[in-house]
Structure formats: structure tokens, C-alpha cells
Amino acid sequence: MGRKLLIFLFLGLLMTLSVQRATGQDFYISLRADGPTNICQGEPLALILSVFGGNDPFTVTINDDEGEYLVLKDIDMPYSFEIYPEQDNSFYIASAYDRRNREGRVWGGPVSV
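The following paragraphs examine the structure supplied in this document.

## Details of the overall build of the protein chain
The helix and strand inventory of the protein chain stands at one helix and eight strands. Taken from the N to the C terminus, the helices and strands of the protein chain come in the order α-β-β-β-β-β-β-β-β. Taking all 113 residues of the protein chain together, 34% fall into the buried category. Counting contacts in the protein chain only where the partners sit at least 6 residues apart, residues at least 24 apart contribute 59% of the total. When the accessible surface of the protein chain is split by element, carbon and sulfur atoms take 53% of a total near 7,400 Å².

## Remarks on the environment of Ser 50
By the element assignment, Ser 50 lies in strand 2 (residues 45-53). Taking relative accessible area as the criterion, Ser 50 reaches 25% and is therefore assigned partly exposed. Residues Ser 50 and Met 77 lie 27 residues apart in sequence; the distance between their C-alpha atoms is 6.0 Å. Other than its neighbours up to four places away in sequence, Ser 50 contacts Tyr 28, Ile 29, Ser 30 and Pro 78.

## Some words on unusual backbone geometry
Note that the residue after Asp 56, namely Pro 57, is joined by a cis bond; omega there is -5°. By secondary structure assignment, the location of Pro 57 is in the loop between strand 2 and strand 3 (58-64). Omega for the bond connecting Met 77 with Pro 78 falls within 30 degrees of zero, at -5°, which places this linkage in the cis form. The topology assignment puts Pro 78 in the loop between strand 4 (67-75) and strand 5 (79-83). At Asp 74, a residue that is not glycine, the phi angle is positive and equals roughly 55°. Judged by relative accessible area, which is 60%, Asp 74 ranks as exposed. You will see that Asn 101, though not glycine, has its phi angle at about 65°, which is positive.

## What about the sheet that holds strand 7 (residues 105-106)?
Strand pairing within a sheet occurs via backbone hydrogen bonds; the two strands may be parallel or antiparallel. The strand order across the open sheet built from four strands is 5-2-1-7, with neighbouring strands paired in mixed fashion. Edge positions in the sheet fall to strand 5 and strand 7, since each has one partner strand and no second. As paired strands, strand 1 (residues 27-33) and strand 2 are joined by seven bridges and run antiparallel to one another. Residue Ala 33 lies in a different strand from strand 2, and its bridge partner there is Leu 47.

## Brief notes about the environment of Glu 66
Looking at the element boundaries, Glu 66 is found in the loop between strand 3 and strand 4. A residue is classified by how much of its surface remains accessible, and Glu 66, at 66% relative accessible area, is exposed. The sequence separation of Glu 66 and Phe 91 amounts to 25 residues, and the corresponding C-alpha distance is 9.8 Å. Polar contacts involving the side chain of Glu 66 include one to the side chain of Gln 87, which spans 3.1 Å.

## A word on the pattern of salt bridges
Considering all chains together, one arrives at two salt bridges under this definition. A salt bridge links Asp 26 to Arg 105; the nearest nitrogen and oxygen atoms lie 3.2 Å apart. Within this pair, whereas Asp 26 is found in the loop between helix 1 (2-23) and strand 1, its partner Arg 105 is found in strand 7, the two being separated by 79 residues in sequence. With a relative accessible area of 18%, Asp 26 lands in the buried category. For Arg 105, a relative accessible area of 42% corresponds to the partly exposed category.

Cut-offs and rules
- Residues numbered from 1 in each chain as written.
- Predicted model: local features only at pLDDT ≥ 70, side-chain atom pairs only at ≥ 80, totals over all residues.
- Heavy atoms only, no water.
- Helix = DSSP H or I, 4+ residues; strand = E, 2+ residues; numbered from the N terminus.
- Buried < 20%, exposed > 50% of the residue type's maximum accessible area, 1.4 Å probe, protein only.
- Contact = heavy atoms within 4.5 Å.
- Areas by Shrake-Rupley, 256 points an atom, 1.4 Å probe, with all protein chains shown as cover.
- Pairing = 2+ DSSP bridges.
- Polar contact = N/O pair within 3.5 Å; in protein donor to acceptor, adjacent residues only side chain to side chain.
- Salt bridge = Lys/Arg side-chain N within 4 Å of Asp/Glu carboxyl O.

All we've got here are geometric facts, nothing functional implied.
Encoded structure:
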């Protein structure tokens with residue numbers, strides 16, 4: 001019984017997200033590490049931005065513990081990039097907009113190194 005309910009709820013979520021994508025109501029964006037996060041100062045940290053919904057291109061602002069860190073303009077998803085942290089830090093999506101200037105909802109937490 002519990003397994004069937006879980007599958008039903010999951011399918012309902014997928015249908016809701018599909019309708020939202022088709023009607024352009026919302027999009028969801030996430031930031032994740034593409035490799036180890038236990039790096040030394042100045043070494044590259046590979047990151048990936050992924051999106052569900054919205055319309056390319058996107059403008060995304062990445063913040064760290066001190067404020068605005070990076071602004072990525074007119075990017076298509078998924079988007080891979082590297083940063084070179086100089087100290088222990090956390091990176092997160094501060095804002096994301098698609099080509100229709102709709103703001104995305106952040107899915108997931110920050111990436112910490």
C-alpha cells in the first residue's frame with residue numbers, strides 16, 4: 001500500500017512539473033559539484049548548473065559567504081564551469097532568470113568547500 005502511494009505521489013509531482021513547464025509558470029534550478037569538494041586553496045572546483053523548465057538562455061548569479069561571486073549571462077543548460085576558491089567557502093544560487101525574465105526556484109543547497 002505504501003509503495004503504491006509513493007509511486008502515485010511521485011507521478012503526480014511529475015505531472016505538475018510537466019504542466020508548469022508547458023505553461024511556463026515556474027522553473028527549478030540547482031547547483032552541484034561535479035567532483036570532489038575537498039580541494040586545496042586555488043585548485044579548480046567543477047560545478048554544474050541544471051534546470052527543469054524555463055527557457056534558454058538563463059542569467060544566474062552565484063554568491064559565496066561574502067556576497068556576489070559570479071554572474072553568468074546568456075547561458076544554456078546544463079552548464080558546467082570551474083571556479084578557484086581561495087579559502088573555505090560555500091557557493092549558492094542567489095538568483096536565476098530565464099529569457100522571459102521569470103525567476104527560478106532554487107532546488108538543493110549550497111556547495112561547500
